[in-house]
Amino acid sequence: MGIAPQLIEDILRRLMRESYLNEKDVGFKQIKTDLGSVVIVGGKGQLGGLFQQMLKLSGYQVNILDKDDWQQADSLFSDAGMVLVTVPIAITCELIREKLTKLPKDCILADLTSIKTEPVKAMLEAHSGPVVGFHPMFGPDVGSLAKQVIVVCHGRSPEKYQWLLEQIAIWGARIVEAEPERHDNAMQLVQAMRHFSTFVYGLNLCKEEADIETLLQFSSPIYRLELAMVGRLFAQSPELYADIIFAQQDSQHAISDYLDNYREALALLKRGDRNEFIKQFETVAKWFGDFAPQFQRESRLMLQSVNDMKIN
Ligand SMILES: NC(=O)C1=CN([C@@H]2O[C@H](COP(=O)(O)OP(=O)(O)OC[C@H]3O[C@@H](n4cnc5c(N)ncnc54)[C@H](O)[C@@H]3O)[C@@H](O)[C@H]2O)C=CC1
Ligand SMILES: O=C(O)C(=O)Cc1ccc(O)cc1
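The protein chain goes by T-protein in an unreviewed UniProt entry, where it is assigned to Shewanella glacialipiscicola.

A. Seen up close, the packing of helix α7 (residues 180-207) against helix α9 (residues 221-233). Between α7 and α9, whose axes approach to 9 Å, the crossing angle comes to 100°. Looking at the two axes, α7 sits roughly perpendicular to α9. Between α7 and α9, the contacting residues are H195, T198, F199, Y201, G202 and L205 on the first element and Y223, E226, L227, M229, V230 and L233 on the second. Tallied by class, residues from the contact of α7 with α9 come to eight nonpolar, three polar and one charged.

B. Representation of the layout of surface pockets in the model. Put simply, the second largest pocket is a space of about 510 Å³. Of all elements in the fold, only α7, α11 (251-270) and α12 (274-288) reach the threshold of two or more residues within the lining of the second largest pocket. For the lining of the second largest pocket, the class distribution of residues is 13 nonpolar, two polar and two charged.

C. Examining the site of ligand 2 more closely. S114, H135, P136, F138, G139, Q191, R194, H195, R232, Q236, Y241 and I244 make up every residue found near ligand 2. A distance of 2.6 Å separates an oxygen atom of ligand 2 from a polar atom in the side chain of S114. At a separation of 2.9 Å, an oxygen atom of ligand 2 approaches a polar side-chain atom of Q191. Taking 340 Å² as the accessible area of ligand 2 by itself, protein coverage stands at 86%. Listed by contribution, the elements that provide at least two residues to the shell around ligand 2 are β5 (131-136), α7 and α10 (238-247). Here the shell around ligand 2 gets three residues from one element, more than from any other, and that element is α7. Residues belonging to the shell around ligand 2 are distributed by class as follows: four nonpolar, six polar and two charged. Residue contributions to the shell around ligand 2 reach at least three from each of two domains, namely domain 1 (5-178) and domain 2 (183-309).

D. Expanded view of the UniProt feature "domain: Prephenate/arogenate dehydrogenase" (unreviewed entry) in the protein chain. As recorded in UniProt, the feature "domain: Prephenate/arogenate dehydrogenase" (unreviewed entry) lies at residues 36-299. Annotated as residues 36-299, this span is 58% helix and 14% strand, and its ends, taken at the C-alpha atoms, are 45 Å apart.

E. Expanded view of the side chain of D184. Within the fold, D184 resides in helix α7. For the buried residue D184, which engages in no salt bridge, the nearest side chain bearing the opposite charge is K116, 7.1 Å off. Among the polar contacts listed, one links the side chain of D184 to the side chain of H183, at a separation of 2.8 Å. The residues touching D184, leaving out its near neighbours within four places in the chain, are I115, K116, T117 and Q248.

F. Focus on empty space enclosed by the protein. Applying the stated criterion across every chain, the model contains two cavities of 30 Å³ or more. Together, F51, L55, M82, L84, A110, L112, F134, L164, I168 and W171 line the largest cavity. Elements that contribute at least two residues to the lining of the largest cavity include exactly α2 (46-57), β3 (80-85) and α6 (158-170). Classifying every residue of the lining of the largest cavity gives 10 nonpolar, no polar and no charged. In this structure, the second largest cavity occupies an estimated 30 Å³ of space. Y20, E23, K24, F28, M54, G143, S144, L145 and W171 together form the lining of the second largest cavity. For the lining of the second largest cavity, the element with the most residues is helix α1 (residues 5-26), which contributes three residues. Partitioning the lining of the second largest cavity into residue classes produces five nonpolar, two polar and two charged.

Scoring rules and cut-offs
- Residues numbered from 1 in each chain as written.
- Chains lettered and ligands numbered in written order.
- Predicted model: local features only at pLDDT ≥ 70, side-chain atom pairs only at ≥ 80, totals over all residues.
- Heavy atoms only, no water.
- Axes fitted to C-alpha atoms, helices over the stretch in contact; angles between N-to-C directions.
- Helix = DSSP H or I, 4+ residues; strand = E, 2+ residues; numbered from the N terminus.
- Parallel < 35°, antiparallel > 145°, perpendicular 65-115°, else oblique.
- Contact = heavy atoms within 4.5 Å.
- Nonpolar A, V, L, I, M, F, W, Y, C, P; charged D, E, K, R; others polar.
- 1 Å grid on protein atoms, 1.4 Å probe; cavity = no way out; pocket = protein on both sides within 12 Å on 5 of 7 lines; lining within 4 Å.
- Points joined across faces, edges and corners; volume = space filled by probe spheres on them.
- Near = heavy atom within 4 Å.
- Polar contact = N/O pair within 3.5 Å; in protein donor to acceptor, adjacent residues only side chain to side chain.
- Areas by Shrake-Rupley, 256 points an atom, 1.4 Å probe, with all protein chains shown as cover.
- Domains from an automatic or database assignment.
- UniProt positions renumbered as here; feature names shortened; annotations may be inferred.
- Buried < 20%, exposed > 50% of the residue type's maximum accessible area, 1.4 Å probe, protein only.
- Lys, Arg positive; Asp, Glu negative; His and termini not counted.
- Salt bridge = Lys/Arg side-chain N within 4 Å of Asp/Glu carboxyl O.

What follows is the structure in C-alpha cells.
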C-alpha cells in the first residue's frame, strides 16, 4: 500500500516496548516457589529498589535491610533463602566480611556491585553456601529489563541458583557469563575510563562556561546525543561514579595512555600535520573494520529517534 516498512517496524517496536513496560502491572512467573524470604541489603537504594520491585512482581517475599536496620538482621536472615547485597561500592567488601558471616547454610549470597573480583572473593570467604555475583549493565531508570544485559560471575554451587538465572531470563534480561577478573579488566575501559573522560568533558564545558542552550541550538543530532550522554552522568550520584573510578586503581594506566594519545594528537594539530592526521584516521578506521559501518547504521536509527524527540 506504499507504506514504508520502516514505519511499520517503528510502530510494532513501540507497541512491544509499551507491552514490556506494562508487564510490570501484571507480574512475572515465579520460578522458585519454596525459597523463603529474600533480604536486600541496601534495598532502599536505587538499584535495590528496582530489584525489590522485580522480585516482588515475581511473587517473592522481600525484606529490606538498610543502614539503620541492623538490629533486625538476625531475625531477617534466619529464614532467608537469598541475601542480595546492593550497597555503595566503597563499603561493600567490609560489610560482607563483617556482617554476612552467619547466614543459613543453604542461603544464596549474591551482589549487584559494579566491580566483581573483590566482592565475589569477600562473599566466598564470608559464606560457605551458594555464592553468585551480578553486575546489571544498566541504571535504575530502565523501565523494563527486556534486552538489558546482566553479567554473572559464578561463585559457588551454581546448581543452587540456576533458578535465579532462569528468573532473570523471564524478566527479559540477557545473562553474560564472565570470570570476575575478566569482567573487571573490561570495565576499566567500559566504565572507569569512559566515566572519567565523560567527567572531564563536563568539567571542561563547565570551566569554559559554555552556554548549553547555544550549544544545543547549533548542534548536529550526534552532538546532541553526546551532550545528553555527558549531562546524564551529572544527573546521577557522584558517589557511585567516584567509587567506580577510584575502586579500579589499574584504570589509571588506561587513563594515562588516553592522555598520552591526546597529547600526541594535539602536537600533530599544533604542527599542522594534516597528512599525518589523515594517515592515523585511516589506521583507526581499518582497525574498527566492519564495526565502523555497523555503528554508522546503528547510530543512524538512534539519531532519527533523537530528531523525532526534538521540540524545536
Ligand atoms: N545505580 C546504578 O546505575 C547502578 C549501581 N550498581 C551497583 O549497585 C550498588 C548500589 O548502587 P546504588 O543503588 O546506585 O546506590 P544507592 O546509594 O542508591 O543505594 C545504596 C543503599 O545502601 C544503603 N546503605 C548504605 N550503607 C549501608 C549499610 N551499612 N547497611 C545497609 N545498607 C546500607 C543506603 O542507605 C542506600 O539505601 C553499587 O554496588 C553499585 O555499584 C550497579 C549497576 C548500576
Ligand atoms: O545509566 C547510566 O548512565 C549508567 O551508566 C548506569 C550504570 C552505572 C553503573 C553501572 O555499574 C552500570 C550502569
